[in-house]
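So the chains spell out like this:
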Amino acid sequence: MQKQNFKIEDSIYPENIINQAIEDFKYVADINYTNNELIIESEDDIDEIFNEFMNYVVWLYNESN
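The numbering scheme is per chain: residues are counted from 1 as the chain's sequence reads. A pLDDT threshold of at least 70 governs which residues receive local features in this predicted model, and a stricter bar of 80 or more applies before side-chain atom pairs are shown or counted, although totals over entire chains, interfaces and linings include all residues. Side-chain descriptors were evaluated using all non-hydrogen atoms of the structure, hydrogens and water having been removed beforehand.

Q: Explain the overall build of the protein chain to me, please; I cannot follow it from the model alone.
A: A run of H or I in DSSP counts as a helix once it spans at least four residues, and a run of E counts as a strand once it spans at least two, with each numbered from the N terminus. A tally of helices and strands in the protein chain yields two helices and three strands. Secondary structure elements of the protein chain, listed N to C terminal, follow the sequence β-α-β-β-α. Along the first, second and third principal axes, the C-alpha atoms of the protein chain reach 35 × 20 × 15 Å. Here the term buried applies to any residue with accessible area under 20% of the maximum for its type, exposed to any over 50%, and partly exposed to those in between, with areas from a 1.4 Å probe on protein chains only. Counting every position in the protein chain, which comprises 65 residues, the buried fraction comes to 32%. We call two residues in contact when some of their heavy atoms are within 4.5 Å. Relative to all contacts within the protein chain whose residues are 6 or more apart in sequence, the contacts with residues 24 or more apart total 64%. If you sum the accessible surface of the protein chain, you get close to 4400 Å²; carbon and sulfur atoms cover 42% of it. For the accessible areas, the method is Shrake-Rupley and the probe is 1.4 Å, while residue cover comes only from the protein chains on display.

Printed below as a string of structure tokens:
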């Protein structure tokens, strides 16, 4: 299992949207969010998971506005 951490700017991405995306991605990878840091653990390509995750976060953000 691979693990990688990513800093997330909370002034840009609201925590409630990050948490919704984590819930929606729970079958894709083990994702946690603590202290503005996203932690992804998976056997698959973590960079690809992160990119898709952030695309989804942006989509959720746009849908909420």
